[in-house]
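Each chain is listed here by its residues.
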Amino acid sequence: MNIMDFNVKKFAADAGTFLSRAVQFTEEKLGQAEKTELDAHLENLLSKAECTKIWTEKIMKQTEVLLQPNPNARIEEFVYEKLDRKAPSRVNNPELLGQYMIDAGTEFGPGTAYGNALIKCGETQKRIGTADRELIQTSALNFLTPLRNFIEGDYKTIAKERKLLQNKRLDLDAAKTRLKKAKAAETRASQLNSAHLEGDNMIWAEEVTKSEQELRITQSEFDRQAEITRLLLEGISSTHAHHLRCLNDFVEAQMTYYAQCYQYMLDLQKQLGSFPSSYQCNNNQTSVVPVPSASSNVLGSSAMTSSGLVMTSPSNLIDLKEGSGSRKARVLYDYDAANSSELSLLADEVITVFSVVGMDSDWLMGERGNQKGRVPITYLELLN
């Protein structure tokens, strides 16, 4: 047989099948043809797979936004991924901020309080940037990749088999329609019962036989495809279990990231709290930090002032205010008394402190020799 003749015949057969499916589909939509309904279990599995696909796509895309808020960077990474090439490494926002702070601190002078603080803050920001990079890499590997593999792999296979099942169903219903029409024509021809129509009776009888054989074949193919599709769809439960493990990995990666960030900031806060309360500015003007409030946050570790962070008093100083007696305390920073009721302090000197009934919670009474006066508890470290 000529190869060209074979290709033409195959093309004609495929075109005929496509036309038959199109006619059947159109008549179903117009209510002019019957439609074979899938069993309830298979319909439920199809609905579950579609729901899984929709929400997996939404979660995956929003996770990408969370890990990389810059849309241009996401597009660039997508292009490199499609080209099967590694995206160039870029500095993230915390790392960039950290470098700016370090450069500024170096420019202002590492020996100045502000310059030193900027350098320490910059180093911490760069550590946070590194932790952020590790979070992105871990989450992409353990969470995003499995979700993407499902969308681009497993679900595509399911969609392909589902489409094939739809075609097999259209073929089955088209065969049912042809058999129904052939039987109706055979019945009409037999009712006429005329001699010159005997040839037509033979033709319609053959057509009925042919249609019945075609129906058996299409029914077998439909049943086989329905079983294949069902087996694939039942794997969605395993997919859910796998994605649950991936979700746990994602949560663990976030816990590690936030714990690292908290520890970095806690260490930075302690370093900033050890700085003096006043320093010489670059224009040789003296800037004095206002007296900080001793109001504690949930951690009981810091309080904000108008010019920076200072450490609050230790919890044992708070205990001293609630008790009685006196204790020795080391002065953390220089302090200039605002009026005669307060006591001026020098960094690193040791004084005696005690509480007085009715005194503001931010203050203790300090004593140095014959000098007495109120002192802010945020400037003190209680000695054992």
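Residues numbered from 1 in each chain as written. Predicted model: local features only at pLDDT ≥ 70, side-chain atom pairs only at ≥ 80, totals over all residues. Heavy atoms only, no water.

Mind showing me how you'd approach the overall build of the protein chain here?
Helix and strand content of the protein chain: eight helices and nine strands. Residue burial in the protein chain is summarised as follows: out of 384 residues, 34% are buried. Expressed as a percentage of contacts within the protein chain between residues at least 6 apart in sequence, the contacts between residues at least 24 apart total 66%. Working note: accessible area of the protein chain is about 23,900 Å², and carbon and sulfur atoms make up 55% of it. (Helix = DSSP H or I, 4+ residues; strand = E, 2+ residues; numbered from the N terminus. Buried < 20%, exposed > 50% of the residue type's maximum accessible area, 1.4 Å probe, protein only. Contact = heavy atoms within 4.5 Å. Areas by Shrake-Rupley, 256 points an atom, 1.4 Å probe, with all protein chains shown as cover.)

Where do I start with a nonpolar patch on the surface in this structure?
Side chains of Leu244, Leu247, Val251 and Met255 sit close together on the surface and give an oily, nonpolar patch of about 370 Å² of accessible area. One can find leucine 247 in helix α7 (residues 236-273). (Patch = residues over 30% accessible without salt bridge, like charges linked within 9 Å, V, L, I, M, F, W, Y side chains within 5 Å. Salt bridge = Lys/Arg side-chain N within 4 Å of Asp/Glu carboxyl O.)

Any chance you could explain the nonpolar core here in plain terms?
Among soluble globular proteins, nonpolar side chains are generally buried collectively. Ranked by internal contacts, the top residues of the largest apolar core, which has 19 residues, are Leu42, Ala49, Phe150, Leu165, Leu215, Leu233 and Ile236. At the level of secondary structure, the elements contributing two or more residues to this core comprise α2 (40-67), α5 (113-192) and α6 (198-233). Leave out the neighbours within four places in its chain, and leucine 215 touches Leu172, Ala175, Lys176 and Leu179. Listed in part, the 18 residues of the second largest apolar core include Leu345, Met365, Val375 and Ile377. (Core = buried A, V, L, I, M, F, W, Y, C linked by side-chain atoms within 4.5 Å.)

Sorry if this is basic, but what is going on with the packing of aromatic side chains here?
Two descriptors summarise a pair of aromatic rings, namely the distance from one centre to the other and the angle between the planes of the rings. Tallied over the entire structure, the rule returns seven aromatic pairs. Note on phenylalanine 143 and phenylalanine 250: the rings are 4.7 Å apart at their centroids and 10 degrees apart in plane angle, and the pair reads as stacked. Taken together, the residues span a long stretch of sequence, with phenylalanine 143 in helix α5 and phenylalanine 250 in helix α7 at a distance of 107 residues. For the pair phenylalanine 143 and phenylalanine 250, one class covers both residues: buried. (Phe/Tyr/Trp six-rings, centres within 6.5 Å; stacked < 30°, edge-to-face > 60°.)

Even after reading the chapter, I still don't get helix α4 (residues 93-108), so can you show me in this structure?
Because each turn of an α-helix spans 3.6 residues, side chains separated by three or four positions in sequence point in the same direction. For α4, built from 16 residues, the straight-helix expectation of 22 Å at 1.5 Å per residue is met to within 8% by its first-to-last C-alpha distance of 22 Å. Taken together, the buried positions of α4 are occupied by Pro94, Glu95, Gly98, Met101, Ile102 and Gly105. Down the axis of α4, the buried set is contained in an arc of 125 degrees. They therefore lie on one face. When the buried face of α4 is taken as reference, the exposed residues oriented beyond 90 degrees from it are Asn93, Tyr100 and Glu107. One side-chain oxygen of the residue at the start of α4 lies 3.0 Å from the amide nitrogen of glutamate 95, identifying that residue as asparagine 92. Looking one or two residues beyond α4, the residue adopting positive phi is glycine 109, at roughly 115 degrees. (Expected span 1.5 Å × (residues − 1). Arc of directions from axis to C-beta. Polar contact = N/O pair within 3.5 Å; in protein donor to acceptor, adjacent residues only side chain to side chain.)

Can you help me understand the sheet that holds strand β6 (residues 350-354) in this one?
Hydrogen bonds along the backbone pair up the strands of a sheet, which may run parallel or antiparallel. With antiparallel pairing, the five strands of this open sheet are ordered in space as β8-β7-β6-β5-β9. Unpaired on one side and paired on the other, β8 (371-376) and β9 (380-382) mark the two borders of the sheet. Within the sheet, the average angular offset between the axes of one strand and its neighbour, ignoring direction, is 45 degrees. Bridging between strand β5 (residues 326-331) and β6 involves five bridges; their strand directions are antiparallel. Paired with arginine 327 across the bridge in β6 is valine 353. (Pairing = 2+ DSSP bridges. Axes fitted to C-alpha atoms, helices over the stretch in contact; angles between N-to-C directions.)

Help me out: how do you make sense of the pattern of salt bridges in this one?
Any two side chains of opposite charge can pair if their charged atoms end up close together. Overall, the coordinates contain 13 salt bridges when judged by the stated rule. Here arginine 148 and glutamate 64 are joined by a salt bridge, their closest N and O atoms 2.5 Å apart. Of this pair, arginine 148 sits in helix α5 while glutamate 64 is found in helix α2, placing the two residues 84 residues apart along the sequence. A residue is classified by how much of its surface remains accessible, and arginine 148, at 16% relative accessible area, is buried. In this structure, arginine 368 engages glutamate 349 in a salt bridge whose closest nitrogen and oxygen atoms are separated by 2.8 Å.

Help me out: how do you make sense of unusual backbone geometry in this one?
Most peptide bonds are trans, and most residues other than glycine sit at a negative phi. Its identity as a non-glycine residue notwithstanding, aspartate 348 has a phi of 75 degrees, on the positive side. Positionally, aspartate 348 belongs in the loop between β5 and β6. The class of aspartate 348 is exposed, set by a relative accessible area of 54%.

For this particular structure, what's the right way to read the packing of α2 against α7?
Helix-helix packing is characterised by the crossing angle of the two axes and by the distance between the axes. Between α2 and α7, the shortest axis-to-axis distance is 12 Å and the interhelical angle comes to 15 degrees. For the element pair α2 / α7, the angle class is roughly parallel. Two packed elements cross with a definite hand, and for α2 against α7 that hand is left-handed. Mapping the contact onto sequence places Lys48, Ala49, Thr52, Thr56, Thr63 and Leu66 in α2 and Ile236, Ser237, His240, His243, Phe250 and Gln254 in α7. Class assignment of the residues belonging to the contact of α2 with α7 gives a composition of four nonpolar, seven polar and one charged. (Parallel < 35°, antiparallel > 145°, perpendicular 65-115°, else oblique. Left-handed = near helix turned anticlockwise from the far one by under 90°. Nonpolar A, V, L, I, M, F, W, Y, C, P; charged D, E, K, R; others polar.)

Please explain the side chain of serine 139 as it appears in this structure.
Summarising the element assignment, serine 139 is placed in helix α5. The class for serine 139 is buried, based on a relative accessible area of 1%. Discounting residues that sit within four places of it in the chain, serine 139 has contacts with Leu67, Leu144, Phe250 and Ala253.

Mind showing me how you'd approach the pairing of β6 here?
A regular strand places its side chains on the two faces of the sheet in alternate fashion. Counting buried positions along β6 yields four of five residues, so the element is predominantly enclosed. Sheet topology places β6 next to strand β7 (residues 363-368); three bridges connect them, and they run antiparallel. Residue pairing across strands places valine 353 opposite glycine 366, the latter belonging to β7.

Would you mind going over α2 with me for this structure?
Between its first and last C-alpha, α2 extends 40 Å over 28 residues, near the 40 Å set by a 1.5 Å rise per residue. Turning to α2, its buried residues are Leu42, Leu45, Leu46, Ala49, Thr52, Thr56, Met60, Thr63 and Leu67. Among the residues of α2, the N-terminal cap falls to aspartate 39, whose side-chain oxygen and the backbone nitrogen of histidine 41 are separated by 3.1 Å.

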